[in-house]
Amino acid sequence: MNRTITILYLTLFPSLLFAQAEFWVSPDGSDTNAGTKEKPLASVQLAIRKVRELRRLNDTGLSRGSHIYVRNGLYALNEPIFIRPEDAGTATSPTIIEAAPNEKPVLSGGVPIKNWQKLKGTVAGLPKEAKGNVWVADAPKVGGRLLEFRQVWVNGWKATRAKDTPYPLMNRILSWNKQEQTCWIPAPKFGDLSRAEGLEMLIHQWWAIANLRIRRIEVQGDSAKLWFHQPESRIQSEHPWPAPWISKETGNSAFYLTNAIQFLNQPGEWFLDTKAEKIYYLPRPNENLSTAEVIAPALETLVRIAGTIDHPVSNVLFKGISFQHTAWLRPSQQGHVPHQAGLYMLDAYKLKTPGTPDKKSLENQAWVGRPAAAVDVNFAHHTGFENCRFEHLAATGLDYHKGVQDNLIRGNLFNDIGGTGIMAGVFADEATEIHRPYTPTDEREVCTNLIISNNLITNVTNEDWGAVGIGAGYVRDIRIDHNDISEVGYSGISLGWGWTRTINAMRNNRVCANRIHRYAKHMYDAAAIYTLSAQPGSIIAENDIDSVYKAPYAHLPAHWFYLYTDEGSSYFTIKDNWTPSGKYLQNANGPNNVWEHNGPQVADSIKTKAGLEAPYRTLLREKAPADPQWRINKENPVIIEITVPGGQTIDREQLTNVMARNKVRPEALYQWRNHYVIFDKVPDVYVLSERLKTAFPTATVKTYYDLFYEFNRSRCSTGAVAGEWTHTILTANLVADPKLQNEYLDYHATQFEKWPEVSKGFCNAQFQQLLLYRNGRQLMLVISIPKGESLDKLNPKTTENNPRVDDWNARMKNYQEGISGTSPGEVWTELKK
């Protein structure tokens, strides 16, 4: 593989082996200089112009190409660098724009914020936590006008736009009225927000967030009603997928409010007062605003490479350049309601009569736009980015969009990016409904032969949580290999678009030998590798996938996967991928998918080879650390309870068929009277529960997502873990008093610290595991013991020479009671196999 990449590189840029025409650029230079090493130019734009003129005149000095060396320093751009067809090189005469040896130049779209002062006096609405601590500066102006921005970096660290909940907490909506286009939330505890211009809501909904500008807020008692600006108000309430989530089982959609001075109460937060033209900042410990470098972004795009279909840009390479400080203002101007993978909806609604020519059951329509990118490439061949840095960016990092062929993205860092790290290919242009298969008449439009290799992609999607590490739409012959992807809000790699099994522009794509971990930090319905639509000849192989974050506000807490072939995915070969288990989803797939040898049995050698190859592993020093406030998911079994009306029995054959269809073992079924419980590891518990509801419409189907207590043998100093287990499942209710319920939960949250004797008793009794789930008031307790042992025999050992366990058990009786149908005084009821 290394040899293949090297050959391609030399094919694209063979003149690296020979002498080239040189131009030098330095922050200390002048654009009136000649551009030599001794008398450098001041801007990359002028160097590109000089090369352009030499090419126009067919200067013989360019027979072996041109080399623009960029010296160390920050280049503050006031417009994007524009590379056009006239700048195209040739296979024997490329243009290389490169960092000078051992130097680190930065192309920046930001402006500095200077002359900070400690605020004297007070400002209306300023919280008490900020008084005496907040700093203020004049907001920067560009072109004589106030600069509006949504990001601020302080000494290279992204500060937080003031919001109403400290990280990582969020509140939950109370309801959503689609007809009124309004939302009810708990009343904010920040005083009067009715005059807070620019107030916004970020709402979490399934696999995407939305940024909604609040037009009006009206408090009524302990609740508040929100109205929103157009156009996002209509789109948010009309589009069916993904909509606000309303659920008693898993909680309603989470949200936070942002951009009001009343929220400025946490160190590291800032607020821009556009009326007063001031910016306020509450420093973190040890930050000195009088000496700090504070930067706000002004440009959305730093470099635009734009050819035409008949005159593409070709043979231009960037190497060793850093791209920093970009803005993205659309959410402040029109809101941001994404459909998926960060593509925002321009229009979307539910069809009154389902069905389209491509899909008879389709019931929604949507048209999407594409977020801005720090570097945007269209109609370009044989271009590339190597050893570059894409950092501190508001939306997409690097976007190879339409008409791009034979290009290379290798060995780069993508870090601290608000949206997607790398985007590639057409998803759907603004005039095309997203479910229509894309097959252009002129195939030169298709993104083809793009190599994305050995890049470190970390801490991306940190503003649009529903964006992805690498997002590829309608692409062909693309290679995504040996990348390391981590700290991602949603999926690691998203490949394909259209939700269709109809043959389209996509085929022969390869996603191989990537390392993807610590993903799905905020949004579920996610996977390390996610696919859509028919892609003949495509392969997903030899990837190393691990460590899915436990997203605290996921709509369905178990709806995450390692591999996920979604609607229409067809003609894929998926093999030899290392994953901790077979937690995969194959949803409405088309024909001819081949799954072979995936899971924990895959050889360790495949894990070792995945991720960055040896020449690029120094990039790993830049990897963002794991978030200490987030946990990694454990694949605990789930519990689903089916309760049929009293006096009725369930159709066991039908139930067995539903279980088999969802790969649930027959021995995973337990029963007490009219209560049937499934306890097993299930790839997609949501699909199983929905199928049970369809199969048994008169039954009540409850999923126990809330696993609030877990004991296992890792807490025992002696005794090995048994090879095979037997499970006992018991159920009871919590008493109806909410105060007592919270006491019960608090006891279990602190049991290991304050009542260590209890877990010691479990160790003595050879309990292998103890799980305690909750849905509303009802509890499900699962006690696992070695196969062949008896719970009646082992349970007394929990209290043997351990009187505090008796004390614990006595206390717990104050909080528990039997479920409906139990005898008086009976608390825990056992469900039998």
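Residues numbered from 1 in each chain as written. Predicted model: local features only at pLDDT ≥ 70, side-chain atom pairs only at ≥ 80, totals over all residues. Heavy atoms only, no water.

## What to know about the overall build of the protein chain
At step 1: Scanning the protein chain from terminus to terminus reveals 12 helices and 65 strands.
At step 2: A compact globule built from 833 residues should have a C-alpha radius of gyration of about 28 Å, and the protein chain, at 29 Å, falls within 12% of that.
At step 3: Reported as C-alpha extents along the three principal axes, the dimensions of the protein chain are approximately 95 × 70 × 60 Å.
At step 4: Burial status across the protein chain gives 59% buried among its 833 residues.
At step 5: Residue pairs in contact within the protein chain that sit at least 24 positions apart in sequence constitute 77% of those at least 6 positions apart.
At step 6: Only carbon and sulfur atoms are counted for the fraction: they give 48% of the accessible area of the protein chain, which is about 34,500 Å². (Helix = DSSP H or I, 4+ residues; strand = E, 2+ residues; numbered from the N terminus. Rg over C-alpha atoms; globule rule 2.2 N^0.38 Å. Buried < 20%, exposed > 50% of the residue type's maximum accessible area, 1.4 Å probe, protein only. Contact = heavy atoms within 4.5 Å. Areas by Shrake-Rupley, 256 points an atom, 1.4 Å probe, with all protein chains shown as cover.)

## Thoughts on the pairing of strand E25 (residues 303–306)
At step 1: Residues Val303 and Ile305 line the buried face of E25, whereas the alternating positions Arg304 and Ala306 sit on a face that is not buried.
At step 2: Examined bridge by bridge, strand E4 (residues 81–83) and E25 share three bridges and lie parallel to one another. Its bridge partner lying in E25, Phe82 is registered against Arg304.
At step 3: Pairing of E25 with strand E32 (residues 373–378) involves four bridges; the strand directions are parallel. Residue Arg304 lies in a different strand from E32, and its bridge partner there is Asp376. (Pairing = 2+ DSSP bridges.)

## Looking at the state of the cysteines
At step 1: This structure, assessed with the given rule, holds one disulfide.
At step 2: Here Cys716 engages in a disulfide with Cys763; their sulfurs sit 2.0 Å apart. The disulfide joining Cys716 to Cys763 has a torsion of about -90° about its S-S bond and is therefore left-handed. Taken together, the residues span a long stretch of sequence, with Cys716 in the loop between strand E60 (706–712) and strand E61 (725–734) and Cys763 in helix H10 (residues 756–764) at a distance of 47 residues.
At step 3: Here Cys388 stays unpaired: no disulfide links it, and the sulfur of Cys447, its closest cysteine neighbor, is 18 Å away.
At step 4: Among the cysteines around Cys512, which has no disulfide bond, Cys447 carries the closest sulfur, lying 17 Å off.
At step 5: A relative accessible area of 8% means that Cys512 is categorised as buried. (Disulfide = S-S within 2.5 Å.)

## Topic: helix H12 (residues 803–812)
At step 1: Listed as buried for H12 are Val805, Trp808 and Met812. Seen end-on, H12 carries its buried residues on one side only, within an arc spanning 55°. (Arc of directions from axis to C-beta.)

## Regarding the pattern of salt bridges
At step 1: Tallied over the entire structure, the rule returns 42 salt bridges.
At step 2: In this structure, Glu232 and Arg213 form a salt bridge, with 2.7 Å as the shortest nitrogen-oxygen distance. Here Glu232 is found in helix H3 (residues 232–238), whereas its partner Arg213 is found in strand E19 (residues 208–220), with 19 residues between them in sequence.
At step 3: Of the charged contacts in the structure, one is a salt bridge between Glu817 and Arg777, with a shortest N-O distance of 2.9 Å. Of this pair, Glu817 sits in strand E64 (residues 816–817) while Arg777 sits in the loop between strand E62 (769–775) and strand E63 (778–786), and the two are 40 residues apart along the sequence.
At step 4: Linked through salt bridges whose partners overlap, the residues forming this network are Glu487, Arg518, Lys521 and Asp627. (Salt bridge = Lys/Arg side-chain N within 4 Å of Asp/Glu carboxyl O.)

## Quick notes on the sheet that holds strand E24 (residues 294–297)
At step 1: With antiparallel pairing, four strands are arranged side by side in an open sheet as E7-E24-E12-E13. This sheet does not close on itself; its edge strands, each paired only once, are strand E7 (110–112) and strand E13 (157–158).
At step 2: Note that E7 and E24 share three bridges and pair antiparallel. Considered in E24, the bridge of Pro112 is made with Ile295.

## As for the packing of aromatic side chains
At step 1: For the coordinates displayed, the defined rule picks out 35 aromatic pairs.
At step 2: Between the aromatic rings of Phe711 and Phe762, the centroid separation amounts to 5.3 Å while the plane-to-plane angle is 65°, which identifies the pairing as edge-to-face. In this pair, Phe711 is assigned in strand E60 and Phe762 in helix H10, connecting sequence segments 51 residues apart. For the pair formed by Phe711 and Phe762, the shared burial category is buried.
At step 3: Members of the aromatic cluster, connected to one another through ring pairs, are Phe318, Phe323, Phe385, Phe390, Tyr400 and Phe414.
At step 4: Between Lys583 and the ring centre of Trp560, over which it is positioned, the NZ or CZ distance is 4.3 Å. (Phe/Tyr/Trp six-rings, centres within 6.5 Å; stacked < 30°, edge-to-face > 60°. Lys NZ or Arg CZ within 6 Å of the ring centre and 35° of its normal.)

## What to know about the sheet that holds strand E36 (residues 396–400)
At step 1: Across the sheet, 10 strands lie side by side as E4-E25-E32-E36-E39-E42-E46-E49-E52-E54; this open sheet has parallel pairing. Whereas interior strands pair on both sides, the edge strands pair on one side only; in this sheet they are E4 and strand E54 (584–586). Averaged over all pairs of adjacent strands, the angle between their axes in this sheet comes to 15°, without regard to strand direction. (Axes fitted to C-alpha atoms, helices over the stretch in contact; angles between N-to-C directions.)

## With respect to the packing of helix H8 (residues 738–749) against H12
Helix-helix packing: each pair is described by the crossing angle between the helix axes and the interaxial distance.
At step 1: Packing of H8 against H12 brings their axes to within 11 Å, and their N-to-C directions diverge by 155°. Looking at the two axes, H8 sits roughly antiparallel to H12. Note that H8 runs across H12; the crossing there is left-handed. The residues of H12 that touch H8, namely those facing Tyr744, Tyr747 and His748, are Trp808, Arg811 and Met812. (Parallel < 35°, antiparallel > 145°, perpendicular 65-115°, else oblique. Left-handed = near helix turned anticlockwise from the far one by under 90°.)

## Focus on the confidence of the model for the protein chain
At step 1: Overall, the predicted model of the protein chain reaches an average pLDDT of 95, with 98% of residues at or above 70.
At step 2: Scored below 50 in pLDDT, residues 1–19 makes 38 contacts in the model with residues more than four places away or belonging to other chains. (pLDDT = per-residue confidence, 0-100.)

## Observations regarding H8
At step 1: Compared with an ideal rise of 1.5 Å per residue, which puts 12 residues at 16 Å, H8 spans 16 Å between its outermost C-alpha atoms and is within 8% of the ideal.
At step 2: Its side-chain oxygen at 2.9 Å from the backbone nitrogen of Lys739, Asp737 defines the N-terminal cap of H8. (Expected span 1.5 Å × (residues − 1). Polar contact = N/O pair within 3.5 Å; in protein donor to acceptor, adjacent residues only side chain to side chain.)

## With respect to the environment of Ile235
At step 1: Here Ile235 lies in helix H3.
At step 2: The exposure class of Ile235 is buried, given its relative accessible area of 3%.
At step 3: Separated by 533 residues in the primary sequence, Ile235 and Gln768 have C-alpha atoms spaced 51 Å apart.
At step 4: Not counting residues up to four positions away in its chain, the partners in contact with Ile235 are Val337, Met345, Leu346 and Asp347.

## Quick notes on unusual backbone geometry
Excluding glycine, residues mostly carry a negative phi; peptide bonds, for their part, are mostly trans.
At step 1: Residue Tyr167 is joined to Pro168 through a cis peptide bond whose omega torsion reads 5°.
At step 2: With respect to the helices, strands and loops of the structure, Pro168 is situated in the loop between strand E14 (160–161) and strand E15 (171–172).
At step 3: Here the amide bond leading from Gln230 into Pro231 is cis, since omega sits at 15°, within 30 degrees of zero.
At step 4: Along the polypeptide, Pro231 turns up in the loop between strand E20 (223–228) and H3.
At step 5: For Trp206, which is not glycine, the phi dihedral falls at a positive 60°.

## Some details on the side chain of Thr301
At step 1: Here Thr301 is to be found in the loop between E24 and E25.
At step 2: Among all residues touching Thr301, those that are not within four sequence positions of it are Pro80, Ala373, Ala374 and Asp376.

## Overview of the side chain of Thr531
At step 1: Looking at the element boundaries, Thr531 is found in strand E49 (residues 526–531).
At step 2: You can call Thr531 buried: its relative accessible area is 0%.
At step 3: For Thr531, the side chain forms a polar contact with the side chain of Ser569, separated by 2.8 Å.
At step 4: Apart from the residues lying within four places of it in its own chain, the contact partners of Thr531 are Leu495, Ile540, Tyr564, Thr565, Asp566, Ser569 and Phe572.

## Some points on the nonpolar core
At step 1: Within the largest apolar cluster, 170 residues are counted, with the highest numbers of intra-cluster contacts made by Met201, Phe318, Phe323 and Phe385.
At step 2: Cys716, Leu745, Ile783 and Leu791 belong to the second largest nonpolar core, which has 26 residues in total. (Core = buried A, V, L, I, M, F, W, Y, C linked by side-chain atoms within 4.5 Å.)

## Some details on the environment of Gly397
At step 1: By the secondary structure assignment, Gly397 is in strand E36.
At step 2: Its relative accessible area of 0% is what places Gly397 among the buried residues.
At step 3: Between the C-alpha atom of Gly397 and that of Asp416, which follows or precedes it by 19 residues, the distance is 9.5 Å.
At step 4: Ignoring any residue separated from it by four or fewer positions in sequence, one finds Gly397 in contact with Ala373, Ala374, Val375, Phe390, Ile417, Thr420 and Gly421.

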